[in-house]
Amino acid sequence: MDMEIVVSQQLFAIINAIGYNPTDENNWYRAGLCIAVKLNLILDRLIPADNTFELGRFLSPRNLMRKECRPTRDGKKFLNYQRLSFLRSSNSSRSKMVGHNLGVYMEHQYCSAISLKMLQDFLLQSDSYQCLDSASKKLLNSTTSLFHKEELSAWQREWGSFFVSALRAMCQRCFHVAMHLSKQKVNGLDGIYSQVAETFGTALYDEIGFSARKLSDYEKRRKAVLAANLFQCSLDSLRSSVAEDSNDCPATWESLLMIGKCYEKIANTLRDEAFLESERTRMYEQFMNQALESYNKARVEARAFEEDGSSLDYQGGGSSHGLVEFTYRVHATRLKVLISSIQVCSEDLQSSLSEASRIVEKYWFEKPTAPIEDKPLQDRLWISFADVVKGLASCRKGSPFFHRSVYRHAQAFLWARFIHNPRVESVDDMEQIPSEKCSLIEGLESGSNYNSAEVILNALFDKKRKFDRLRLKYISAFIELMYCCRKHDQLNLLIKSVNATPRDLPSFYDVSLGWDLNCMNKKQDCHAKDNLLMPSFGLTYFLKRFANAALCRILVDDVKERNTTERTLIETFHELYNCFLRLNCPPDDALWQTQHVRRQLEIGTILEADALCIAYQCIFNPDEKSIILTWEGKMSLLLIACKKGHEVCISENDTDVLKRSRKKRKLEP
């Protein structure tokens, strides 16, 4: 909150300076930067970390889900179709924002629940309320009702979306004015024009990935096109600012890299375009080629700059890995093109694979010594795939904890069997990858690809690393991979490590709302005691639920197979009971009576409860074959299973005490 107050004070001081000299582009630029700082502070707390990413993008599925329908629109027809679909949808309305007075969003602090309440009361006053339009009144009333229902998490997220919409609007207006003023100067595009254009482009690009709601493909493409144009303006300004006879080398690789990322975003919105019968290439292929060309130019220029003896201190693209970043971008994009090419309907598979081959064969890590044009398409794809893996492996060698390169390297191993034979739709129907093909890729086993990927991904999760330092999708990928490899010890270690870490910002802010508004005891600051069935969000909350559920899936599979001794089955039941206890919601808690939790229990989304009940029936009541689907039946069985779990827990503890006492007697002289 203190940081928000300081930023607001700085902004108001800059606004006073603009009042004296409204044509000073530097003050407009500084104002935009101040607003951007506050915006980022809010996004750190607002973006819900419990939104799970699509595991299908990382793990290769057992059964490849091909698209059922074949796209029939191409070219301009496809673009018009996406535009009309967007305009007809509810998302075509303007961003959520209460009122037209944007200044109140700088005067009040989002990180303070008391300040949020003051802003709400101010807008509900008769004079302020009468100035609002009907849409703003509706938004304000629905948000206020959440506060009266004491749904504080949903209440603060709604206000967060209002703040983000207002701050983004103000920030972009400041950058737009700064660009216009700097362009009107006598020296043409000199001064801060290039810097403002790059910052403006970055702000637009960030909107694609950090939005309060899901954007349509049309919206993503529109923002990516605007951002690419701004980065191109920055690039042109940089090049024009250096004289032709000068030996200075402008840092153009940053703009080139961001232009490539924008083109890749555009290409991803065009995946569903129909394949053309004529020889004309799809727009997807055109933009993906432009993205790779831009990445390659950035890599070449950055390498030339570094070879001249200059230090390459690149911090763009969310990375600080220097030249390795450019190498990673090229080969990560090639990998995504290959994976995307096999996820099409069967009728388009041949065209899609041919298109992918044309794209990925233009930029090699190590170009093949012999021509490959005459080889079968499937062999060419594997050669390209092997080259992609070499490129990603080089990133790991250059920077061992380059998280994105490790993630993509493991992902490549998981999809290897589908790349080897794209036409087979089920892993069960696949033959093993021949040893001569595996020999082209270091670390790839011909059998299970899970083990190969585990070796790669485990590098990020040794005991010396902090789990809360890694991004959510990497930890989620690790959890799902540990489930596939049946490594419950690793999952137990992860859960212990998560419980030992402090709260992340979204989780801390969620709890601090109750503290500030006197709705929660401030002593309850340890997230290990949080009720995991309560609606919440944040990194620690999601990881505990996801890892605990994955551990339950492993243990209940062991119980169903019954290929272990009776003693081991009892120990497994004990572990499942511990998994249930981690929910911190005993069966007699009133939360089980709520409509939301009742529904979750009925449909089986509370895996800890279902696993404990299944294990109890399989181990202690194997003659009972009935499947209980009602809430009353599941709660009755859950109470019995918990009682049995408590008895097993006491028995296990008594056994441990007896073992320790016997060991102590043996050690005594």
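Residues numbered from 1 in each chain as written. Predicted model: local features only at pLDDT ≥ 70, side-chain atom pairs only at ≥ 80, totals over all residues. Heavy atoms only, no water.

**Re the overall build of the protein**
Phase 1 of the analysis: Helix and strand counts for the protein stand at 27 helices and zero strands.
Phase 2 of the analysis: The buried share of the protein, taken over its 669 residues, is 50%.
Phase 3 of the analysis: Taking all contacts inside the protein whose residues are at least 6 apart in sequence as the whole, residues at least 24 apart take part in 74%.
Phase 4 of the analysis: In the form shown here, the protein has an accessible surface area of approximately 33,400 Å², with 51% of it arising from carbon and sulfur atoms. (Helix = DSSP H or I, 4+ residues; strand = E, 2+ residues; numbered from the N terminus. Buried < 20%, exposed > 50% of the residue type's maximum accessible area, 1.4 Å probe, protein only. Contact = heavy atoms within 4.5 Å. Areas by Shrake-Rupley, 256 points an atom, 1.4 Å probe, with all protein chains shown as cover.)

**Overview of the state of the cysteines**
Phase 1 of the analysis: What the rule picks out here adds up to zero disulfides.
Phase 2 of the analysis: Here Cys-642 stays unpaired: no disulfide links it, and the sulfur of Cys-613, its closest cysteine neighbor, is 7.5 Å away. (Disulfide = S-S within 2.5 Å.)

**Quick look at the packing of helix H13 (residues 323–341) against helix H15 (residues 377–398)**
Phase 1 of the analysis: Here H13 crosses H15 at 150 degrees, and the two axes come no closer than 9 Å. Put simply, H13 runs roughly antiparallel to H15. The two elements H13 and H15 cross, and the hand of that crossing is left-handed. Packed against H13, whose contacting residues are Val-324, Thr-327, Tyr-328, His-331, Ala-332, Arg-334, Leu-335 and Leu-338, the element H15 presents Leu-381, Ser-384, Phe-385, Asp-387, Val-388, Gly-391, Leu-392, Ser-394 and Cys-395 at the interface. (Axes fitted to C-alpha atoms, helices over the stretch in contact; angles between N-to-C directions. Parallel < 35°, antiparallel > 145°, perpendicular 65-115°, else oblique. Left-handed = near helix turned anticlockwise from the far one by under 90°.)

**A closer look at helix H8 (residues 152–183)**
Phase 1 of the analysis: For H8, which comprises 32 residues, the first-to-last C-alpha distance of 46 Å matches the rise-based estimate of 46 Å (1.5 Å per residue) to within 8%.
Phase 2 of the analysis: Along H8, 23 of the 32 residues are buried, which leaves the element largely enclosed by surrounding structure. (Expected span 1.5 Å × (residues − 1).)

**Some details on the packing of aromatic side chains**
Phase 1 of the analysis: A complete count under the given rule lists 15 aromatic pairs for this structure.
Phase 2 of the analysis: Each ring, one from Tyr-29 and one from Phe-175, has its centre 5.9 Å from the other, and the planes form 50 degrees; the classification is tilted. Of this pair, Tyr-29 sits in helix H2 (residues 25–46) while Phe-175 sits in helix H8, and the two are 146 residues apart along the sequence. Each member of the pair, Tyr-29 as well as Phe-175, is classed as buried.
Phase 3 of the analysis: Ring centres 6.2 Å apart and planes at 25 degrees place the aromatic pair Phe-580 and Trp-592 in the stacked group. In this pair, Phe-580 is assigned in helix H24 (residues 566–581) and Trp-592 in the loop between H24 and helix H25 (595–603), connecting sequence segments twelve residues apart. (Phe/Tyr/Trp six-rings, centres within 6.5 Å; stacked < 30°, edge-to-face > 60°.)

**A closer look at the confidence of the model for the protein**
Phase 1 of the analysis: For the protein, the average pLDDT comes to 80, and 81% of its residues sit at 70 or higher.
Phase 2 of the analysis: For the stretch residues 657–669, pLDDT sits under 50, and the model shows zero contacts to residues farther than four places along the chain or on other chains. (pLDDT = per-residue confidence, 0-100.)

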